[in-house]
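Structure assessment
Single-letter residue listing:
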Protein chains: 2
Amino acid sequence: MSTTADPVKIAVLGCGTVGTEVVRLLLTQAEDLAARVGAGIELAGVYVRDTSVPRDPVVPVGALTSDADALVDGADVVVELMGGIEPARTLILRALNRGAAVVTANKALLAERGAELYEAADAAGADLYYEAAVAGAIPLVRPVRESLAGDTVTRILGIVNGTTNYVLDEMTSKGLSYDEVVAEAQRLGYAEADPTADVGGHDAAAKAAILASLAFHQRVGLDDVYCEGITAITPDDIQAATETGRVIKLLAVAERTDTGVSVRVHPTLVPVDHPLAGVRGAFNAVFVEAEAAGELMFYGQGAGGLPTASAVLGDIVSVARHQANGGKGPLESNYASHEVLPMDAALTRYAVRMSVPDRPGTLAAVASIFAAHGVGIESVRQMAGKGHAGLILSTHRAYEAALRATVEELRDTDAVKDVWSVLRIEGEL
Amino acid sequence: MSTTADPVKIAVLGCGTVGTEVVRLLLTQAEDLAARVGAGIELAGVYVRDTSVPRDPVVPVGALTSDADALVDGADVVVELMGGIEPARTLILRALNRGAAVVTANKALLAERGAELYEAADAAGADLYYEAAVAGAIPLVRPVRESLAGDTVTRILGIVNGTTNYVLDEMTSKGLSYDEVVAEAQRLGYAEADPTADVGGHDAAAKAAILASLAFHQRVGLDDVYCEGITAITPDDIQAATETGRVIKLLAVAERTDTGVSVRVHPTLVPVDHPLAGVRGAFNAVFVEAEAAGELMFYGQGAGGLPTASAVLGDIVSVARHQANGGKGPLESNYASHEVLPMDAALTRYAVRMSVPDRPGTLAAVASIFAAHGVGIESVRQMAGKGHAGLILSTHRAYEAALRATVEELRDTDAVKDVWSVLRIEGEL
């Protein structure tokens, strides 16, 4: 393949785990990459705040610079791996406004300020690629935007946070409590010292916003995402799920209905025979339903320096190829504008686990409360207890508002001693 | 989005299940497709051998033509959905030589004559897209060629034939014999009256050739693929697999080693906790191992009119967009030329199930035969029998030639009464 064109100049912003792996791959695979791009690839420089801090020896000392503006201004492709909102946002906008292509793995920035970045890219006719921001190494942007370009995505269910998947997995397989598993995960380095961003669902919420934007050709921001974490999940919840043939997963859900688009993150009951149920440990998976293609699932590592670097490199090759050919890539803009629905308007199902007095007429009283709110009951399961009965009621699909009002009334009535837990159900027929 | 460019003229060759669904989607989604292409889409015509045969009413009678040459010569994009080698091959070459883009779902043609077609496309600078030929609706071409463009694929394990996956699944879950399940599958329409192409592994072999070409940037033809079907699998094999924590799947395997590329199809023992083990019924899945990305899996429907049409439409949108912009797409050619290894040089593992006399020294005699061929034993499992003992020996990874020679000698020695079955193992550490 001829590589007579001018080399494409790549600027890398940030030199953490992912940045280091990206630099390593760029330098060690240079020849192969050049063949795929159709032009040489040149590392223009690596921006770091402090050039005196020692780095992995794979990063050439001469490539380090603390002058981000000059680096961006001399590059054809800017690879943003700093994370955080600023200065990442300003530098990306600076690159796009110059017509340089941008590759980013920054999910927080895309979820919070994506609209501004997409607009700048459109206005400048510049590429903005972000495969690594969605689900680490798992290819999703090209499959959803290009392979399904003649199809309509109706729903996405994603396990997009490895820490929470690991915690729920350990709780399920070892019967441990949430606190025990999180402490062990912190000891092993699988969970952060402050795990809030993971266990509170915020990391998953940022990815849900990006997934929804991708699937529905629509700008969905972090503020549009309803978010509930896994901190309240108890061993009893896990056991009840197992007994009813389900597992608990923290899911990012993005759904298109007749009235709009619903985007949410919450612990979810999934049937054990659903493809998402078998996704173990730190792996991620995104389940996509499309009108013509039917059910698809994409599975792989959602984090880690090397897997994430793989996704970044794929994007670099794509945009560098466009730069070498003087063009912009085929990733289209977000042209749709469905209403983003509030959580009350989400259509979902509940499994309500409660204790009721062990006396005749209880089930009738409970059932009438569901009926009064127009919520259909799909199944009832009784579990024996001392002086009371445990009940798990699974509902048909209903509006979240109706389901909530039902649970409110259950908490108030004498027919129910205690509502132990309320979990949403996805993936059942 | 502006659509002022000339409409892109689409010719559809063939009007079976997939062709009809493609026409339906082209006509009903015309406006949305135009927005994604950046130009109008026009159905130039549908080639059928006999225009007098009644068709689904979605296909406009006026669009039908039996003059394939004239249709091809007037089209910007030719969609080949006829199947078989001729006249599909000649018409595709005619289109490519004119510089028209081609989208095909024809796996047999690609596996047998792919080299000729890729060369014609390269020579003419024309697009040749074939997502639907690999694994139906499952997006694989873009993820492997573009998302992993900065990575190196080392191995692919694919469940790429729904009929055999259904048969093995039913044998496993219901304890039925191969003949019983195939008869039932034929009755239900899940298996053809003559199921040879499926159960003999030939359909999977064609897809293995395409997958290997895709993953290793290499021309791999049907003749390069070692192929073994599922007709010899017995309920005893299934039961022994279950007892050792494995399931039997018909896998397409494409592997890159230091010495070359190995491509094969055979029934395979897979650990129950491997992501491929949970792929049920008529679903397909392709498990990809890459150096940086690690383990990825792509799951979905591998056949069916509507799912296949989804993949075809995705390709049509891509190539039509290139046509509207006067260019060729980014799918690169096959530039690598690793040696394609004969089956004897494949590195794999065996599980050998045999009956041995119930007397001291038997295991030592058996083990020494493995040792003599340099084949390491990973585990031995004994099963009680009447007057004899059943043994399952699982080996370490070794060359197929050494494994075969070992089994030959086991069949000849007095230390073994009978070798019941020999199955390869993949997906274990």
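Residues numbered from 1 in each chain as written. Chains lettered and ligands numbered in written order. Predicted model: local features only at pLDDT ≥ 70, side-chain atom pairs only at ≥ 80, totals over all residues.

Examining helix α1 (residues 17-28) of chain A
Residues and elements named next belong to chain A. For α1, which comprises 12 residues, the first-to-last C-alpha distance of 17 Å matches the rise-based estimate of 16 Å (1.5 Å per residue) to within 8%. Among the residues of α1, those classed as buried are Val-18, Gly-19, Thr-20, Glu-21, Val-22, Val-23, Leu-25 and Leu-26. For α1, the secondary structure elements touched by its buried residues are β1 (8-13), α2 (30-37), β2 (41-47), β4 (77-80) and α13 (305-324). (Helix = DSSP H or I, 4+ residues; strand = E, 2+ residues; numbered from the N terminus. Expected span 1.5 Å × (residues − 1). Buried ≥ 20, exposed ≤ 12 C-beta atoms within 10 Å, placed from the backbone. Contact = placed C-beta atoms within 7 Å.)

Considerations on the relation of the copies chain A and chain B
For the match of chain A to chain B, the screw axis carries a shift of 0.0 Å, the RMSD comes to 0.0 Å, and the turn is 180 degrees. On the angle and the small slide along the axis, the relation comes out as a two-fold axis. Scanning chain A for the C-alpha nearest the rotation axis identifies Phe-298 of chain A, at a separation of 2.4 Å. Counting the interface residues of chain A, we find that 100% of their copies in chain B are interface residues as well, pointing to one common contact surface. (Least-squares fit on C-alpha atoms with pLDDT ≥ 70 in both.)

Some thoughts on the interface of chain A and chain B
Facing the 45 residues of chain A at the interface are 45 residues of chain B. Counting residues per element, the side of chain A that touches chain B draws most heavily on α13 of chain A, which supplies 11 residues.

Some details on the environment of Val-272 of chain A
Residues and elements named next belong to chain A. Following the sequence through the fold, Val-272 ends up in the loop between β10 (261-271) and β11 (283-290). Between the alpha carbons of Val-272 and Ile-248 there is a distance of 9.4 Å; along the sequence they are 24 residues apart. With residues up to four places along the chain from it excluded, the contact list for Val-272 reads Gly-245, Arg-246, Val-247 and Ala-277.

Examining the nonpolar core
Judged by nonpolar contacts, the single largest core of 306 residues is most densely connected at Ile-10, Val-77 and Val-79 of chain A together with Ile-10, Val-77 and Val-79 of chain B. Setting aside chain neighbours within four positions, we find Val-79 of chain B in contact with Ile-10, Ala-11, Val-12, Leu-13, Val-22, Val-103, Val-312 and Ile-316 of chain B. (Core = buried A, V, L, I, M, F, W, Y, C linked by C-beta atoms within 7 Å.)

What to know about the confidence of the model for chain A
Summarising the model, chain A shows a mean pLDDT of 92, and 96% of its residues fall at 70 or more. Interface confidence in the predicted complex, given as ipTM, is 0.91; pTM for the same model is 0.92. (pLDDT = per-residue confidence, 0-100.)

Some details on the packing of helix α1 (residues 17-28) of chain B against helix α13 (residues 305-324) of chain B
Residues and elements named next belong to chain B. Here α1 crosses α13 at 55 degrees, and the two axes come no closer than 8 Å. Between α1 and α13, the interaxial angle falls into the category oblique. In this structure, the crossing between α1 and α13 has a hand that is right-handed. Residues Thr-17, Val-18, Thr-20, Glu-21, Val-22 and Leu-25 of α1 touch α13, and the partners they reach there are Gly-305, Leu-306, Thr-308, Ala-309, Val-312 and Leu-313. Considered class by class, the residues forming the contact of α1 with α13 number 7 nonpolar, 4 polar and 1 charged. (Axes fitted to C-alpha atoms, helices over the stretch in contact; angles between N-to-C directions. Parallel < 35°, antiparallel > 145°, perpendicular 65-115°, else oblique. Left-handed = near helix turned anticlockwise from the far one by under 90°. Nonpolar A, V, L, I, M, F, W, Y, C, P; charged D, E, K, R; others polar.)

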